[in-house]
Each structure stands twice: as C-alpha cells, then as structure tokens.
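# Descriptive analysis of the structure
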Amino acid sequence: MEGEKKEEIQQEEVKKDDGRKPSKKDYHYITENPEMEKFYSQQTSIMNNEEFKEYIETMHKTLPTTFRLTRNEQTPIIKEELKRLINNIDNKQERPVELSWYPGGIAYQLNASRGEIQKNKSLEELRRFIIVQTEAGVISRQEAVSMIPPLFLNVKPYHDVLDLCAAPGSKTTQILEMIHSGPEEATGIVIANDSDYKRCELLDHQTKRLQSPNIIITNHLAQNYPIKIGDQFMKFDRVLCDVPCSGDGTLRKNPDAWGKWNIMRGINLHKTQCTIMRRAVRLVKSCGRFVYSTCSLNPYEDEAVVAFILRNYPQIRLVDVSTELPTLKRCKGVSSWKVFNKEGEELTIKPDSKEDGSSKIPSTLFPPTEEEAKRFRLDRCMRFLPQLQNTGGFFVAVLEKVGDLDCDFKEEKQKRKKVPKPIKTRKGDSRLMPLNMTEGYETITQTIKTFYGLEGSTFDFECLGLKGDGKGTLHYLIKKGMDLVRINELKIVGGGLKLFRKHSVGQNSNFRLSNEGLSAVAHLFGERRKLEIRHEEFVKMLVSESPVQLSDEVMERAKNMEVGCVIFQIKDTTSPINKQYFSGWKSKGLSLFVSKVDKKALCQNLKIELPKNELHEDSDSEKKEKKDEN
Ligand SMILES: C[S@@+](CC[C@H](N)C(=O)[O-])C[C@H]1O[C@@H](n2cnc3c(N)ncnc32)[C@H](O)[C@@H]1O
C-alpha cells in the first residue's frame, strides 16, 4: 500500500533526447501528496479549513526571490547602486521591495522566480548585479523566513554563540554580522557546527567573506557536542538549533519534497530533534537565550520538541517575543494537535514506551496535558504560515535558561553512552592546528616577522593556526578561539581569517597575505611592505592583466622593496574605498591579488568598465543559469 502510494507520488522524469544526464530542471514534479494534505487538513488547531485551502493554494504559487546585503564597509555603496537599479525598473510592480521587518532595510523581496527574472529584459541589469555581488559574497540569496531565527537570538558583540546545525551557513553569516555590528570591538566567538564534513567546507566558504577572526567551524554531531573541556563546562550566551527537519515548509522552493513527505519522517526526526535540544540546554549559559527552528510546520517537529524540553527542564522557559519585529506576521504556537500512526489512524492514548515493543510512536509526540499547557505557554512559539506574507513555512521558538543545570551532569554522563556514535574522520578531513604546535614554527614566524616588518608589533603569532590539509594556509583567530583550538578536544576544521597562503615565489617570505583577512589586521603591520596609492592607481592595476608602473613616488618607494607581497592602502578622501587595504605583488611592476569574482564586483561598485573580454565573460553561476535555462 505504502509502496504503491510512493510510486504514485514519485517525480516524473521528462526524457531528453540529447542523451545527457537529466538535471533538476528536466523533472516534472507532482506537487501533491494526499498523505500530507490529509495530515494537515486534520491539524485544525494549526489551520482551520479556510486557512488550509489558502495554504495549499500558496504552496502552488511561485516563491518570490529574496536576498540580503552583507553588512560590511561596502554596504552603503552597494545599497546606493541597488537603489539606482531598482528605480530604473519602469514597472513599479516589478521592483524589489525592502522586507519591512528586517533591521537596517538590507533585505529585499522580488515577486518573481529565478526563471521569471531571467526572462524579463527589464530586470536584466539588476539580475547581473545580483549575480556578481552574490559571487563576491556581498549579497546572500536566502529565503525570507530563513532570515528570522537569528534576529530573535538578540546577539551582542561580546556574546559567545554556538550554531549547532549550521551548514550551509546563511544564519551563521547573520550571527557574525551581529557580532561585528557594534562600535565596540567584537569579543565574542561564534562556533558554527555541522555533522557533515563536506557541508562544513560550505560553511567555511560562506563565512570567509565576512572576514572575521571571531569564527570557528566544528564537525560534531550536535547531540554529542562536547559539554566539558578539561575541567571547564562549554557555555554559550546564545545557541541556535536550526535542526534537520522534514522541510515541508520549503515545498515552494524544493518541489521534490512533495514526494518525500510521509508521517514516519516527522516522527523519526522528532526523536533526533529532542536529543539535539537536550544538548543545547546543557550548552547555554544561565540567563542565556536559545532559539529552536525548523522549516517544517509539523507539530511533531515543532511544539512537541519544545514541550519535551519544558517538561524535562524546569530551568527553561519560552520567551514572549510578541513585541519584537512587530511588522513580521506570525501565528501563535499551539498546545493541542492530533497524533497519527504510520497507517494514518489517530492515536488518543499514549503508548507505554516500555511495554509496547512495536512503539515507533514516542510518548513525547503527544500534546501537553491541560496543566502542562498552562505552564508551558506554547502559544509563545511562532509559526510562519506561507500565506501570511507570501513566503515558505517556518517555525521558531525562543527559549531562555533561568537556572543552572550543572548539578545534572552525572545523569547526563550516564546517558551519553546511548547517544549515536561519534563521527568517523574520513580521508581528506583536516583539522586546524595551532601553528606553535607544528614543526617549523620558529622559522615560519621569524621570516614573516622580518619580511612584513612585524617586529615590535602587537600582532600575536599565537593566534595563527595551520590547516592540516597540506596547502599551508595560516588562519588567524581571536585569542579566545585559538585557546579552543589549542585544547584539541573539539574537532575544529576551519574558521578565522585565511591570512597567509604559502607560495613558492619570492625570496624571504614564502607566505603571501590574502586579501580576505587583510582589513582586520593590516593596521598591526609595519611600514616595510606598505604602499600608499591613489584611487586611479588602484583602478589602473584592477583593469590590467599584467603588472603596471604607478606614479614615480610609488615606484621610487617600491624600488627598495624585494620581490614579493605588498600591502596597498588607498589614500584618497574622494574615493569610496579610501583607507581600505588590498594585497598585491611587487616584481618589476605592481599588481593586485584580486580574484576574477572580486574584480567584477569591485568594478561594478566603483562603476569601472572592465576590459571587453572580461566584461562579457560569464561567471560560473551565470554559466550554470544558462545551462539550466537550455
Ligand atoms: C536545516 S539545515 C541547517 C541550515 C543552516 N542553519 C542555514 O541557515 O544555512 C540542517 C543541517 O543540520 C545538519 N545536521 C543533520 N544532522 C545533524 C546532527 N545530528 N548534528 C549536527 N548537524 C546535523 C545537516 O548537515 C544540515 O546542514
């Protein structure tokens, strides 16, 4: 029976006659699932009949495109250019609008799908801008509802934050931006964790654009996350649990998810979600806040998990955030829902988990008793139904720890035996190691020191880590982060600024500075390798494919430098990049280290025409979009 149903709702393949392997675009997905529709139509506390009809209608409509600007020193220039491009769109209906609830007006919604944007000629200029800036990490395409959970974490620059299920990292980047948002120095550390090593690499890629020394990336099962390091408990001011879920809120974006939905998926995930939350409770500081979120509307994955925590930990309570982000529309969480078994039959009596051997239905799946419901206040949870503001679906609960839990540590230790096995390290996995614990430390630091004029500087070599992948990249972390790397109990696979990269050219230092990390530490570097240049000199290097000669003054100063890496600083008060640092190379002439992707973005921002061959060369994502189109 189940097999038949599965068959019926499988995606249909549209055969291509060109013999190539079909891509996602070649499939026609059946966007219905009777089992799912029956399930939600009966959860009347979540949606009444009218709301359910609206929900199904919305799920069949195109999902608007949403994106957000990364907050950094270039944001005002980007925002200005974006404004110009938006105003150039004749039809006002087609213009992207700011998401009113997103702080700082840096998130936008465009009422068209990616395919529709591609076909609409009046959106062409904007589309190209978004592609280039996305590749450069300046714009992040992110579903509107997925932007919500970090906003309720209320992160401050001095907070230590743990993002337990973080890849691919859209929420981590929001958290990092918050850490760096204040006028004060960011002293907090952000740990982005994911159980999947390959996805940790995605995390590394996503977060490197933020150029932050305040992040580390770990690779643990969230439910096994180390709670004690040596004698010290790991405690965080903020914890985000954006847990693995059935994803039935993402059907508009992922049409293949229609076919994958079945009752048992939500039930099985409920168990994992409870164990992850249990661990989160241990990891948050007393008076700390933590957020639980899923992209599912299923109460088994949502309120039932929150109720499980509230039932077991009296120190935890739901925070009333109804006055925060007032223009963001939301539904209240529910305290009652129906429980169905695999066959879709409603269960009204909790199974006794011990005696009922067949029990795949945990008792924690059931709604709270009347007394519990009064105490738990599950109405403080938030469900974002797609029809409320034309989005995907999401669930968010904001929790707070009002007491301490360390007295329970003994009990937790016993339970540890039952949690899933630790992740095995696969070939190619590589950890970050403290540089001062690796061979050749003295020689490496001495050559870097002499070459870059770092003698007497406060630059702390103990904050450098070496990635054990043999590529010789040196990562720079704040001291608090490096102390965690040194302890070696966490499996840290990346993070920080990728500050130096090993190279084989040059004489004295075979570590060149990367652009990525430069702005955060350049002020600590001596004058030995620094060159002040004017805006037009920067532009000259940017558009040239080979090393160039700059003004006599600059060349005179460069003449006395040996071949190798240099640090350029723009000194030109009329330039939008005044005071910014860029790394480059001195040989017979001077050149910049700017990747093709960054070059395109910089040219767009500074309104510079790229040489014709480069301007018309499609970027990787443009090539991909075109391929998908064909
Ligand atoms: C919903 S996604 C997270 C999305 C992410 N927070 C973001 O905003 O980009 C869930 C993530 O959890 C990871 N994951 C699954 N099981 C996990 C576990 N037991 N512990 C930690 N991470 C897990 C998956 O690899 C996946 O990357």
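If you're wondering where the values come from, they're calculated on a predicted model, not measured in any experiment.

### Considerations on the overall build of the protein
When its secondary structure is counted, the protein shows 23 helices and 29 strands. Taking as baseline every contact in the protein between residues at least 6 positions apart, the subset at least 24 positions apart corresponds to 76%. Here the protein has roughly 29,500 Å² of accessible surface; of this, 50% comes from carbon and sulfur atoms.

### A short note on the packing of helix H11 (residues 263–283) against helix H12 (residues 303–312)
Following both chains from N to C, one finds H11 and H12 inclined at 40°, their axes separated by 9 Å at the closest point. The orientation of H11 with respect to H12, classified from their angle, is oblique. When the axes of H11 and H12 are compared, the crossing they make is right-handed. Facing H11, whose interface residues are His270, Gln273, Cys274, Met277, Arg278 and Val281, H12 presents Ala304, Val305, Phe308 and Ile309. Classifying every residue of the contact of H11 with H12 gives 7 nonpolar, 2 polar and 1 charged.

### Observations regarding the UniProt feature "active site" (unreviewed entry) in the protein
Mapped onto this numbering, the UniProt entry annotates "active site" (unreviewed entry) at Cys295. Note on placement: Cys295 falls in the loop between strand E13 (284–294) and H12. Aside from chain neighbours lying at most four places away, what touches Cys295 is Cys245, Gly247, Asp248, Gly249, Thr250, Gly393 and Phe394.

### With respect to the environment of Val305
Locating Val305 in the fold gives a position in helix H12. In this structure, the C-alpha to C-alpha distance between Val305 and Thr272, residues 33 residues apart in sequence, is 9.6 Å. Non-local contacts of Val305, meaning those with residues more than four positions away in its chain, are made with His270, Gln273, Cys274, Met277, Tyr292 and Tyr300.

### Points about the nonpolar core
Ranked by size, the top nonpolar core spans 72 residues in total, and within it Tyr55, Leu164, Tyr292, Val306 and Leu399 carry the most contacts. For this core, the leading source of residues is H11, giving 9 residues. Of the residues that make up this core, three or more belong to each of domain 1 (145–344 + 360–416) and domain 2 (430–527). Filtering out sequence-adjacent residues up to four positions away, Tyr55 remains in contact with Met36, Tyr40, Met47, Asp248, Leu251, Leu297, Pro386 and Gln387. In terms of nonpolar packing, the next biggest core, distinct from the first, is built from 61 residues, Leu151, Val155, Val291 and Val396 among them.

### Details of the sheet that holds strand E22 (residues 473–476)
One open sheet accounts for 5 strands, arranged E20-E21-E22-E24-E25; its pairing is antiparallel. Because the sheet does not close on itself, it has two edges, and the strands there are strand E20 (432–434) and strand E25 (511–513). Taking each pair of neighbouring strands and ignoring which way they run, the sheet shows an average axis angle of 35°. Each of E22, strand E24 (497–502) and E25 is contacted by helix H16 (residues 441–452), which is oriented at about 50° to E25, the strand it contacts most.

### Remarks on the site of the ligand
For the ligand, the set of nearby residues contains 19 residues, the closest of which are Asp194, Arg199, Ala222, Gln223 and Asp242. Within the side chain of Lys171, one N or O atom sits 2.9 Å away from an oxygen atom of the ligand. The side chain of Arg199 places a nitrogen or oxygen atom 2.7 Å from an oxygen atom of the ligand. Burial of the ligand by the protein amounts to 85% of the accessible area it has alone, namely 600 Å².

### A word on the pattern of salt bridges
Between side chains of opposite charge, a pair can form when the charged atoms approach closely. Scanning the model with the defined rule gives 29 salt bridges in all. A salt bridge links Glu177 to Arg68; its shortest N-O distance comes to 3.2 Å. With Glu177 in helix H8 (residues 170–179) and Arg68 in strand E3 (residues 65–69), this residue pair connects regions lying 109 residues apart in the sequence. Neither residue differs from the other here; Glu177 and Arg68 are each classed as buried. Via salt bridges that share partners, Glu81, Arg84, Glu125 and Lys607 belong to a single interconnected network.

### Considerations on the sheet that holds strand E28 (residues 581–586)
Strand order in the open sheet made by the 4 strands is E26-E27-E28-E29, with mixed pairing throughout. In this open sheet, the two edge strands, each paired with only one partner strand, are strand E26 (530–533) and strand E29 (590–592). Each strand of the sheet is rotated relative to its neighbour by a mean of 40°, with strand direction disregarded. As paired elements, strand E27 (residues 564–570) and E28 share 6 bridges and run antiparallel to each other.

### Digging into the packing of aromatic side chains
Aromatic rings considered in pairs are described by the distance between their centres and by the relative angle of their planes. All told, the structure shown has 19 aromatic pairs when counted by the stated rule. For the pair Phe500 and Phe525, a centre-to-centre distance of 6.4 Å together with 40° between the ring planes defines the contact as tilted. With Phe500 in strand E24 and Phe525 in the loop between helix H18 (515–521) and E26, the pair connects residues that are 25 residues apart, well separated along the chain. A relative accessible area of 0% places Phe500 in the buried class.

### Thoughts on unusual backbone geometry
The step from Ala167 to Pro168 runs through a cis peptide bond, and the omega angle for that step is 5°. The phi torsion at Gln211 lies on the positive side, around 50°, for a residue other than glycine. On the secondary structure map, Gln211 appears in the loop between helix H9 (197–208) and strand E9 (215–218). Of the residues examined, Gln211 reaches a relative accessible area of 29% and is grouped as partly exposed. Despite not being glycine, Lys607 shows a phi value in the positive range, around 55°. Considering the arrangement of structural elements, one finds Lys607 in the loop between helix H21 (596–605) and helix H22 (612–615).

### Looking at helix H4 (residues 75–87)
Here H4 contains 13 residues, and its C-alpha end-to-end distance of 18 Å stays within 8% of the 18 Å for a straight helix at 1.5 Å per residue. For H4, the complete set of buried residues consists of Thr75, Ile77, Ile78, Glu81, Leu82, Leu85 and Ile86. The buried residues of H4 occupy one face: seen down the axis, they fall within an arc of 165°. In H4, the exposed positions angled more than 90 degrees off the buried face are occupied by Pro76, Glu80 and Lys83. In this structure, the buried side of H4 is in contact with E3, strand E5 (107–110), helix H6 (124–135) and H21.

### Details of the environment of Arg199
Here Arg199 shows up in helix H9. Separated by 20 residues in sequence, Arg199 and Asn219 have C-alpha atoms that sit 9.4 Å apart. Leaving out residues up to four positions away in the same chain, Arg199 has contacts with Ala167, Pro168 and Asp194.

### As for H12
Residues spaced three or four apart along an α-helix point in a common direction, a consequence of the helix completing one turn every 3.6 residues. Of all 10 residues that make up H12, 8 are buried, and the element is covered over most of its length. When H12 is considered as a whole, its buried residues turn out to be Glu303, Ala304, Val305, Val306, Ala307, Phe308, Ile309 and Leu310. In the core, the buried residues of H12 are packed alongside H11, E13, strand E14 (316–318), helix H13 (370–376), strand E18 (382–384) and strand E19 (394–401).

About the cut-offs
Residues numbered from 1 in each chain as written. Predicted model: local features only at pLDDT ≥ 70, side-chain atom pairs only at ≥ 80, totals over all residues. Heavy atoms only, no water. Helix = DSSP H or I, 4+ residues; strand = E, 2+ residues; numbered from the N terminus. Contact = heavy atoms within 4.5 Å. Areas by Shrake-Rupley, 256 points an atom, 1.4 Å probe, with all protein chains shown as cover. Axes fitted to C-alpha atoms, helices over the stretch in contact; angles between N-to-C directions. Parallel < 35°, antiparallel > 145°, perpendicular 65-115°, else oblique. Left-handed = near helix turned anticlockwise from the far one by under 90°. Nonpolar A, V, L, I, M, F, W, Y, C, P; charged D, E, K, R; others polar. UniProt positions renumbered as here; feature names shortened; annotations may be inferred. Core = buried A, V, L, I, M, F, W, Y, C linked by side-chain atoms within 4.5 Å. Buried < 20%, exposed > 50% of the residue type's maximum accessible area, 1.4 Å probe, protein only. Domains from an automatic or database assignment. Pairing = 2+ DSSP bridges. Near = heavy atom within 4 Å. Polar contact = N/O pair within 3.5 Å; in protein donor to acceptor, adjacent residues only side chain to side chain. Salt bridge = Lys/Arg side-chain N within 4 Å of Asp/Glu carboxyl O. Phe/Tyr/Trp six-rings, centres within 6.5 Å; stacked < 30°, edge-to-face > 60°. Expected span 1.5 Å × (residues − 1). Arc of directions from axis to C-beta.

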